[in-house]
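Close look at the chain arrangement
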There are 2 protein chains.
Amino acid sequence: MTLLKDFRHIILYGLTLAVLIFALKWMQWKFLIVDNAIDIYIGLVALFFTTLGIWVAKQVIKPKVETVIVEKEIVVNQSTEFILDEAALEKLKLNGREYEILQLLAKGYSNAEIATRIFLSLSTVKTHVSNLYSKMDVKSRTQAIAKAKQLRIIEL
Amino acid sequence: MTLLKDFRHIILYGLTLAVLIFALKWMQWKFLIVDNAIDIYIGLVALFFTTLGIWVAKQVIKPKVETVIVEKEIVVNQSTEFILDEAALEKLKLNGREYEILQLLAKGYSNAEIATRIFLSLSTVKTHVSNLYSKMDVKSRTQAIAKAKQLRIIEL
DNA sequence: ATTACCATCATACTTTAGTACCGAATGTCC
DNA sequence: GGACATTCGGTACTAAAGTATGATGGTAAT
């Protein structure tokens, strides 16, 4: 980490300085010039408080946070969603079978195909289809499909 | 480069230190008479070096980069807009009349109604409808309607 | 138990849709 | 002019859709 590296440099610098001063003072001591001891003292104080300052700063200063905002696009509702108009469906009062058959009608199935698909006889399907027309007030399967789509009671 | 930056810091620190020592020495010279000023002097040194330490630390500490991913919703095509798939329409190679009749078919009109509406005979309409089925590869009007809507070549 | 409704299936019938094959008028391109 | 595609129209037939009516069995409310 760079931060640690920087500190190492500074501390190394400080230590070297201290050692030098000590060496110097020792030499001064040796030559009985002791009255300059105050300088060493001050140097030590300076060194200590510098270190203290750095340490405190490191503890206290909140690291600068650079926030990089990356926008992530989310596509919502790409397909034209089918929304069933339940109110309209209720109005018609279709029973389950009739609505089921209406949906199959819209998919293009013939009466015979519908009969096979939902296990009914052809005549039953015809009956349901006829009742469906009555309730929807139409006269053919194509009209029923067109109206059902207008009313939004079937898909597509 | 980090190394150069570090050096700059260290040199700056050294210079500041040098200036300070000069200042101190100058102060010592001036206020040599005041004996107990030594406490204030050391206090000032401590304060200064603490500040210096903090300053250095502040310079050296690297900003932390934080990446925040923000999700942005993009609404696409919410309205049930009809978009004609011209490519699909081209593929079928329907002629004008056939496409016209296809549209009327989807609206629920019978062959007879279509004939009246576009001033054709019933047999002509039947012919067109038959050809339409061949081209669309279907076998009934309801299938044609379902397929046309799937292919997005008619409205609704 | 009676009434009413629903779902199922059936028969008989009419109407519409769909297929197959054909003919004819029109306009365009080579 | 001849070849070709488009559009229009017809006849004859089959298949499917749609209508009308009735019957059966189940379920649920009164």
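Please read all numbers here as calculations on a predicted model, not as lab measurements.

The description of two helices packed together rests on the angle between their axes and the distance between the axes. Residues and elements named next belong to chain B. As a packed pair, helix H4 (residues 96–106) and helix H6 (residues 122–136) sit with axes 10 Å apart at the nearest point and diverge in direction by 95 degrees. Taken together, the axes of H4 and H6 lie roughly perpendicular to each other. Two secondary-structure elements touch here, H4 through Arg97, Glu98, Ile101, Leu102 and Leu105 and H6 through His128, Val129, Asn131, Leu132, Tyr133, Lys135 and Met136. Of the residues that constitute the contact of H4 with H6, the class distribution is seven nonpolar, two polar and three charged.

Around DNA strand C, a shell composed of 17 residues is seen, among which Asn95 and Arg97 of chain A together with Lys126, Tyr133 and Arg141 of chain B lie nearest. Near-protein atoms of DNA strand C (within 4 Å) split between backbone and bases, with sugar and phosphate holding 67%. In this structure, a phosphate oxygen belonging to DNA strand C sits 2.7 Å away from a side-chain N or O atom of Arg97 of chain A. At 3.3 Å from a base nitrogen of DNA strand C is found a side-chain nitrogen or oxygen belonging to Thr127 of chain A. At the level of elements, helix H6 (122–136) of chain A together with H6 of chain B are the ones that each hand at least two residues to the surface near DNA strand C. Across the surface near DNA strand C, the residue classes break down as three nonpolar, 10 polar and four charged.

All names here are of chain A. The backbone of Arg152 shows a phi angle near 60 degrees, a positive value even though the residue is not glycine. Turning to its location among the elements, Arg152 is positioned in the segment after helix H7 (141–150). A relative accessible area of 33% places Arg152 in the partly exposed class.

Right, let's talk about the protein's contact with DNA strand D for a bit. Close to DNA strand D lie 15 residues; Lys126, Tyr133 and Arg141 of chain A together with Asn95 and Arg97 of chain B are nearest. Atoms of DNA strand D within 4 Å of the protein belong to the sugar or the phosphate in 70% of instances, the rest to bases. For DNA strand D, a phosphate oxygen lies 2.6 Å from a polar atom in the side chain of Arg141 of chain A. Arg97 of chain B places a polar side-chain atom, nitrogen or oxygen, 2.6 Å from a phosphate oxygen of DNA strand D. Those elements that place two or more of their residues in the surface near DNA strand D are H6 of chain A together with H6 of chain B. No other element matches H6 of chain B, which puts four residues into the surface near DNA strand D.

Turning next to the pattern of salt bridges. All names here are of chain B. Taken as a whole, this structure holds four salt bridges over all chains when the rule is applied. Note that Arg97 is salt-bridged to Glu100, the shortest N-O span being 3.0 Å. Highlighted residues: Arg97 and Glu100, both in helix H4, separated by three residues, approximately one helical turn. Relative accessible area serves as the criterion here: at 32%, Arg97 is assigned to the partly exposed category.

A cluster of nonpolar residues, Val68 and Val70 of chain A together with Val65 of chain B, forms a patch on the protein surface that exposes about 220 Å² of accessible area. For Val70 of chain A, the location among the structural elements is in strand S1 (residues 65–76). What makes Val70 of chain A partly exposed here is its relative accessible area of 35%.

The next point concerns the environment of Leu84 of chain A. Residues and elements named next belong to chain A. Within the secondary structure, Leu84 sits in the loop between S1 and helix H3 (86–92). Overall, Leu84 belongs to the partly exposed group, its relative accessible area being 30%. For Leu84 and Ile154, which are 70 residues apart along the polypeptide, the C-alpha to C-alpha distance reads 6.9 Å. Not counting residues up to four positions away in its chain, the partners in contact with Leu84 are Leu89, Tyr99, Arg152 and Ile153.

Let us now look at helix H7 (residues 141–150) of chain B. In terms of residue burial, H7 of chain B counts as a mostly covered element, since seven of its 10 residues are buried. The set of residues buried in H7 of chain B consists of Arg141, Thr142, Ala144, Ile145, Ala146, Ala148 and Lys149 of chain B. Packed against the buried residues of H7 of chain B are helix H4 (96–106) and H7 of chain A together with H4, helix H5 (111–117) and H6 of chain B. Of the residues one or two after H7 of chain B, Arg152 of chain B is the one with positive phi, at around 60 degrees.

What follows deals with H4 of chain B. Turning to H4 of chain B, its buried residues number three or more, namely Glu98, Tyr99, Ile101, Leu102, Leu104, Leu105 and Ala106 of chain B. Buried-residue contacts for H4 of chain B involve H7 of chain A together with helix H3 (86–92), H5, H6 and H7 of chain B. Sitting at the amino-terminal end of H4 of chain B is Asn95 of chain B, which places a side-chain oxygen 3.2 Å from the backbone nitrogen of Arg97 of chain B. Just downstream of H4 of chain B, Gly108 of chain B is the residue with a positive phi angle, here 95 degrees.

Looking at chain A, pLDDT values average 75 and 55% of them are 70 or higher. Between the elements of chain A, mean pLDDT differs from a low of 57, seen in helix H1 (residues 2–30) of chain A, to a high of 93, seen in helix H5 (residues 111–117) of chain A.

Thresholds applied
Every chain's residues receive numbers from 1 upward, in the order its sequence appears when written. All chains are assigned letters beginning with A, and all ligands numbers beginning with 1, in the order in which they are written. Predicted model: local features are reported for residues with pLDDT of at least 70 only, side-chain atom pairs are reported and counted for 80 or more only, and whole-chain, interface and lining totals are derived from all residues. Note that the side-chain values use all heavy atoms of the structure and ignore hydrogens as well as water. Angles shown run from 0 to 180 degrees and are taken between the N-to-C directions of axes, each axis being a line fitted to C-alpha atoms and, for helices, limited to the stretch in contact. Starting at the N terminus, helices and strands are each numbered in turn, a helix being any DSSP run of H or I of at least four residues and a strand any DSSP run of E of at least two. Relative orientations are named as follows: roughly parallel for angles under 35 degrees, roughly antiparallel for angles over 145 degrees, roughly perpendicular for angles from 65 to 115 degrees, and oblique for any other angle. Contact criterion: two residues are considered in contact whenever any of their non-hydrogen atoms come within 4.5 Å of each other. In the scheme used here, Gly and all other residues not listed as nonpolar or charged are polar, with Ala, Val, Leu, Ile, Met, Phe, Trp, Tyr, Cys and Pro taken as nonpolar and Asp, Glu, Lys and Arg as charged. Any residue with a heavy atom positioned within 4 Å of a molecule or strand is treated as near that molecule or strand. Contacts described as polar in this section are N or O atom pairs within 3.5 Å, which, within protein, must combine one atom able to donate a hydrogen with one able to accept it, while residues neighboring in sequence count only if both atoms come from side chains. Each residue gets one of three labels from its accessible area relative to the maximum for its type: buried under 20%, exposed over 50%, partly exposed in between, using a 1.4 Å probe on protein chains only. We count a salt bridge whenever a side-chain nitrogen from Lys or Arg sits within 4 Å of a carboxyl oxygen from Asp or Glu. Only residues whose relative accessible area exceeds 30% and that form no salt bridge are eligible for patches; like-charged ones are grouped when within 9 Å, while nonpolar side chains (Val, Leu, Ile, Met, Phe, Trp, Tyr) are grouped when within 5 Å. With residues, only the protein chains shown are counted as cover, and all accessible areas are computed by Shrake-Rupley using a 1.4 Å probe. Values of pLDDT, ranging from 0 to 100, describe the predictor's confidence in every residue of the model.

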